Every structure is written in C-alpha cells, then in structure tokens.
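# Topology and contacts: notes
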Amino acid sequence: MSKKIYLYGNWKMNMTAAETKKFFDEFAGVYKPASDLEVGVFSPFTSLWALAEGAKKCGVVFGAQNAYYEAKGAFTGEVSIPMLAEIGVTHVILGHSERRHIFGEPDEMIAKKVKAVLDAGMIPVLCYGETLEEREGGNTFKVMERQLKSALEGLKPEEVAKIIYAYEPVWAIGTGKSATSEQAQEVCEWSRKLIGDPKVVILYGGSVKGSNAKELLSMKDIDGALVGGASLKPGSFLEIYTAYKN
Ligand code: PGA
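A few points on the structure.

Scoring rules and cut-offs
- Residues numbered from 1 in each chain as written.
- Predicted model: local features only at pLDDT ≥ 70, side-chain atom pairs only at ≥ 80, totals over all residues.
- Heavy atoms only, no water.
- Helix = DSSP H or I, 4+ residues; strand = E, 2+ residues; numbered from the N terminus.
- Rg over C-alpha atoms; globule rule 2.2 N^0.38 Å.
- Contact = heavy atoms within 4.5 Å.
- Areas by Shrake-Rupley, 256 points an atom, 1.4 Å probe, with all protein chains shown as cover.
- Lys, Arg positive; Asp, Glu negative; His and termini not counted.
- Charge placed at Lys NZ, Arg CZ, Asp CG, Glu CD.
- 1 Å grid on protein atoms, 1.4 Å probe; cavity = no way out; pocket = protein on both sides within 12 Å on 5 of 7 lines; lining within 4 Å.
- Points joined across faces, edges and corners; volume = space filled by probe spheres on them.
- Nonpolar A, V, L, I, M, F, W, Y, C, P; charged D, E, K, R; others polar.
- Pairing = 2+ DSSP bridges.
- Axes fitted to C-alpha atoms, helices over the stretch in contact; angles between N-to-C directions.
- Expected span 1.5 Å × (residues − 1).
- Buried < 20%, exposed > 50% of the residue type's maximum accessible area, 1.4 Å probe, protein only.

### What to know about the overall build of the protein chain
Secondary structure assignment for the protein chain yields 11 helices and 8 strands. Radius of gyration (C-alpha) of the protein chain: 17 Å, near the 18 Å computed for a compact globule of 246 residues. The long-range fraction of contacts in the protein chain, counting pairs at least 24 apart against all pairs at least 6 apart in sequence, stands at 72%. Taken as a whole, the protein chain presents about 11,400 Å² of accessible surface, with 57% of it coming from carbon and sulfur. Positive and negative charge centroids in the protein chain, built from 29 and 31 side chains respectively, lie 3 Å apart.

### Things to note about empty space enclosed by the protein
Applying the stated criterion across every chain, the model contains 1 cavity of 30 Å³ or more. As a volume, the largest cavity reaches approximately 40 Å³. Taken together, Gly-95, His-96, Ser-97, Arg-100, His-101, Cys-127, Tyr-128, Gly-129, Gln-147, Glu-168 and Val-170 make up the full set of residues lining the largest cavity. Elements with a minimum of two residues in the lining of the largest cavity: helix 4 (97–101) and strand 5 (123–128). Of the residues forming the lining of the largest cavity, the biggest block, 3 residues, is contributed by helix 4. A breakdown of the residues in the lining of the largest cavity according to their chemical character gives 3 nonpolar, 6 polar and 2 charged.

### Here we look at the sheet that holds strand 5
Ordered by their spatial adjacency, 8 strands build a closed barrel running 1-2-3-4-5-6-7-8, and the pairing between neighbours is parallel. For this sheet, the mean angle separating the axes of adjacent strands, direction not counted, is 25°. Pairing of strand 6 (residues 164–167) with strand 7 (residues 201–205) involves 4 bridges; the strand directions are parallel. Among the inter-strand pairings, Ala-166 is bridged to a residue of strand 7, identified as Leu-203.

### Structural notes on helix 5 (residues 107–119)
An ideal rise of 1.5 Å per residue puts 18 Å on 13 residues; helix 5 measures up with 18 Å between its terminal C-alpha atoms. The set of residues buried in helix 5 consists of Asp-107, Ile-110, Ala-111, Lys-113, Val-114, Ala-116, Val-117 and Leu-118. For helix 5, the secondary structure elements touched by its buried residues are helix 3 (81–87), strand 4 (91–94), helix 4, strand 5, helix 7 (140–152) and helix 8 (157–162). With its phi angle positive at about 80°, Gly-121 sits one or two positions after the end of helix 5.

Put into structure tokens, the structure is as follows:
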C-alpha cells in the first residue's frame, strides 16, 4: 500500500468568510476523497465558521493558524483553545515562521501553546525551520534542534507521537524557491531521529506546488505538504496530490 499523504493548506491572512464559502463550493465539485489522502485547511479566525461548514461537507480536516495557551482572561486580541474547540477545530498550526519572525513568538511560548493544544485533545501542527542566514552559516541543525527540543520538552511519548511536524525552511516560504527534495529529505530524516519516534508525521512546507510535488512527496521521510500560496485555489491545491500520484 502506498503511504498516506497529508495535504494541508495554510491560508495565512487570506480568504474572507465569503471567499471561504466560494472556495468550498468549487472544492466540493472537484475533490475526490482517497484512502491515502488527508486534506486539511487552516483559515483566519474570522473565516472558521465558514471553513467548518465547507470542510465538514467535504470531509476534510480544518483548523486554526494560532491560539493562545490560556483558556480566557485579559489577553486582548488573542483567541483561546476552548473557543476554537467550540467551532469543532481539531488542529492548530503553531510556531509558523511568520509567527516566530514577524510577531516575535519565542520558543517558550510555542512550547506552552503545544502543551495546551495537546491538553485540549487537539493536534498541534508544529512548524520549525531555519532562515537563509542560519543555513548559510552552517547552523541549520543547531537551530532546528533548539526549536524542536524546546517544543517537546516534558511531553509524554504519546503526546510527541500525536503532533504533526512541518519542516519549513524560511527561505523557501512564499519565495517560489522550494528546497530540493534531497535537502527536504535530509532534514525530515534527521528530525524523525531527533524526535525519537519513527512513526511521526512530518510535512515539508515552502513553495510546494504541482510542478515539484512528485519529487518532494516521493521522499521516504516526507509524509505530506503544508502549502501556502498554492492552497488558495482548489485546482492548484489538489493538483499537488494528483501530481504525486501520476
Ligand atoms: P508557501 O507557504 O507554500 O506559500 O511557500 C508555506 C507556508 O508558509 O506554510
């Protein structure tokens, strides 16, 4: 049997509720569920109701792109995990490089969020990856070891196993210049060893599209893709899976 492919779309700060509804009207017409495919979509908070409706109809996983670790209180501008659970959210992207680098989220905060999402019975999609400067300075593995170890510290093995990992080299995100399949495989293989569980799900993210999907997704340690730009249209999103299969 072929491996199961995770095709997760990170919409970032795109897609209003109306656009989300339109996306799923079109998606429903072209999406063919397959036993070796899990599709997931992650929208902005304000589109989550529309996302929930569309995703449930199509039988795809849906989630948020962030959450705060406290349940409620004086945290202006934040959204809590119980608030997301109420809408039926099961997955939350955490530690995305845009959260780390634009909004200054430190490793310790990401670790608290990972723990809180797990405690709520939900699945964190934990992103990690190096900047170009870190790669060129020979620090790729040092940086990722720090990011991963800090997020996993104190977790039970069954919690570590529940997390979905997403290796996203910062220099490949939104640049059109994906990592080569060898570069992505090298890091995913290394990550699997560091995490210490051979069965964890590890996605690659960074300019994944139909034209590079086959070589990336065919790599042994890559279980799927976290897709930004190409996930905004049903056609370019689903093309990633069909390209891999054909
Ligand atoms: P991209 O984004 O596919 O547009 O490069 C990926 C991501 O940031 O998750």
